[in-house]
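# Analysis of the macromolecular model
The residues making up each chain are set out below.
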Amino acid sequence: MSAAEIPGWAHTYSGKVRDLYRPEDGDTGVLLVVASDRVSAFDHVLEPGIPGKGELLTSLSRWWFDHLPVPNHLIEPQRLPVEVERRAMLVRSLDMFPIECVVRGYLSGSGWAEYQQSQSVCGIGLPAGLTSGDRLPVPIFTPAFKAPMGEHDENITFARMIEIVGADAASELRTLSLDIFQRASTIAESKGVILADTKFEFGRDTDGVIRLADEVLTSDSSRYWDQEAWVAGVRGQSFDKQIVRDWLSAHWDGTGTPPPLPDEIVERTSARYAELLDRFTGA
Ligand SMILES: CCOC(=O)Cn1cc(-c2ncnc(N)c2C#N)cn1
């Protein structure tokens, strides 16, 4: 599923699952962020896309922006382009920090890999004896330096982050990230969902105000786990991607191009994305 053609908008950048556009009228103050139905797993974009995924994750992002009392990049337009109106966000164009502001409440992914080598993550020492999926004593801020598309971001220490963005901005981004994570994980817990970790991106507007940008607390930027499964000792089961991961693990040896997902896996995954959204936005 390649980037949509949108009259009046020029496609400028594609991530694994989202596309960025600038207006053709030359206005440099706004951008359009469009979420596709593409799904990625094991660092591959899979086929086919998951019907409704772009709309569901855009709705989840919007819900979180509305429930987080921090300045953000959203602009509420009169109308969005009809081609993508339910899976697009009109945003202020910001001067983005080249930092993935990752907060971890649990040990997983690159954090688990680093812990196994050094019993620390991004220079933050952790207790001995932890295993993948364990809850951390307190949430930790573990920044990464944004890598070019297709490469892995580089986990860095807070001291290195200060060298990149300066001490004041580094402190403000860390405080903002930990505060937002605390709020979000408390809300998620009340819905029976564990927010294991997430990554935020921020930028400065023309007045120098730091604003929360990118997507926020979607299951593409976060690890959401089912609380019941975790309590039962089943660790690291992604709320919405586990169906795809389990099928791929059973039907692909990890080399070459992954096989296309069967209809049943696509349908079950689409339903899982809808259930995750409903957990938060439903009654
Ligand atoms: C494909 C979606 O974009 C990204 O993956 C990362 N990215 C964000 C920007 C950005 N740049 C200026 N202002 C903004 N508000 C944003 C945002 N969001 C650029 N790349």
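Just so you know, these numbers come straight off a predicted model, no measurement behind them.

Okay, empty space enclosed by the protein next. Taken as a whole, this structure holds two cavities of 30 Å³ or more when the rule is applied. Put simply, the largest cavity is a space of about 70 Å³. Lining the largest cavity are Arg18, Val33, Val34, Ala35, Leu57, Thr58, Ser61, Arg87, Met89, Glu215 and Thr218. Looking at the lining of the largest cavity, the elements with two or more residues in it are strand S3 (30–35) and helix H1 (53–67).

Moving on: the pattern of salt bridges. When the charged atoms of two side chains lie near each other, side chains of opposite charge can form a pair. Inspection of the entire model under this criterion finds 20 salt bridges. With a shortest N-O distance of 3.2 Å, arginine 62 and glutamate 76 are connected by a salt bridge. Placement of the pair is arginine 62 in helix H1 and glutamate 76 in the loop between H1 and strand S6 (88–92), with a sequence separation of 14 residues. Among the salt bridges present, the one from lysine 199 reaches glutamate 100, with a minimum N-O distance of 3.3 Å. Here lysine 199 is found in strand S14 (residues 193–200), whereas its partner glutamate 100 is found in strand S8 (residues 99–106), with 99 residues between them in sequence. The buried category is assigned to lysine 199, whose relative accessible area is 16%.

Read from one edge to the other, the open sheet built from four strands follows the order S1-S2-S3-S6, with strand pairing classed as antiparallel. Across the chains shown, the open sheet's two edge strands, defined by having one partner strand only, are strand S1 (9–14) and S6. Adjacent strand axes in the sheet meet at a mean angle of 30 degrees, parallel and antiparallel pairs treated alike. Pairing between S1 and strand S2 (residues 18–23): five bridges, direction antiparallel.

Another point: H1. Between its first and last C-alpha atoms H1 spans 21 Å; for 15 residues at 1.5 Å apiece the expected length is 21 Å, and the two agree. Among the 15 residues in H1, eleven count as buried, and that is most of the element. All buried positions along H1 are accounted for by Lys53, Gly54, Leu56, Leu57, Thr58, Leu60, Ser61, Arg62, Trp63, Trp64 and Phe65.

On to the sheet that holds strand S15 (residues 202–204), then. With respect to topology, three strands assemble into an open sheet ordered S7-S15-S16, the strand pairing being antiparallel. The open sheet has two edge strands with one neighbour each: strand S7 (95–96) and strand S16 (210–212). The sheet contact formed by S7 and S15 spans two bridges and is antiparallel. When the sheet's bridge partners are listed, methionine 96 is paired in S15 with glycine 203.

Right, let's talk about the UniProt feature "domain: SAICAR synthetase/ADE2 N-terminal" (unreviewed entry) in the chain for a bit. Look at the UniProt record and you will see "domain: SAICAR synthetase/ADE2 N-terminal" (unreviewed entry) annotated at residues 12–251. Regarding residues 12–251, the helix share stands at 30% and the strand share at 29%, and the terminal C-alpha atoms are separated by 35 Å.

Moving on to the domain arrangement of the chain. Interface size is commonly expressed as the accessible area that is lost once the parts come together. Per the domain assignment, the segments of the chain are domain 1 (9–94 + 255–281) and domain 2 (95–231). The distance between the C-alpha centroids of domain 1 and domain 2 comes to 20 Å. Domain 1 puts 29 residues into the contact, and the matching count from domain 2 is 30 residues. Among the residues domain 1 hides against domain 2, the three largest losses belong to Trp64, Leu94 and Arg279. Together they make up 26% of the total. The salt bridge partner of arginine 279 is aspartate 226, with a shortest N-O separation of 3.4 Å.

What counts, and where the lines are drawn
- Residues numbered from 1 in each chain as written.
- Predicted model: local features only at pLDDT ≥ 70, side-chain atom pairs only at ≥ 80, totals over all residues.
- Heavy atoms only, no water.
- 1 Å grid on protein atoms, 1.4 Å probe; cavity = no way out; pocket = protein on both sides within 12 Å on 5 of 7 lines; lining within 4 Å.
- Points joined across faces, edges and corners; volume = space filled by probe spheres on them.
- Helix = DSSP H or I, 4+ residues; strand = E, 2+ residues; numbered from the N terminus.
- Salt bridge = Lys/Arg side-chain N within 4 Å of Asp/Glu carboxyl O.
- Buried < 20%, exposed > 50% of the residue type's maximum accessible area, 1.4 Å probe, protein only.
- Pairing = 2+ DSSP bridges.
- Axes fitted to C-alpha atoms, helices over the stretch in contact; angles between N-to-C directions.
- Expected span 1.5 Å × (residues − 1).
- UniProt positions renumbered as here; feature names shortened; annotations may be inferred.
- Domains from an automatic or database assignment.
- Contact = heavy atoms within 4.5 Å.
- Buried area = accessible area lost by both parts, 1.4 Å probe.

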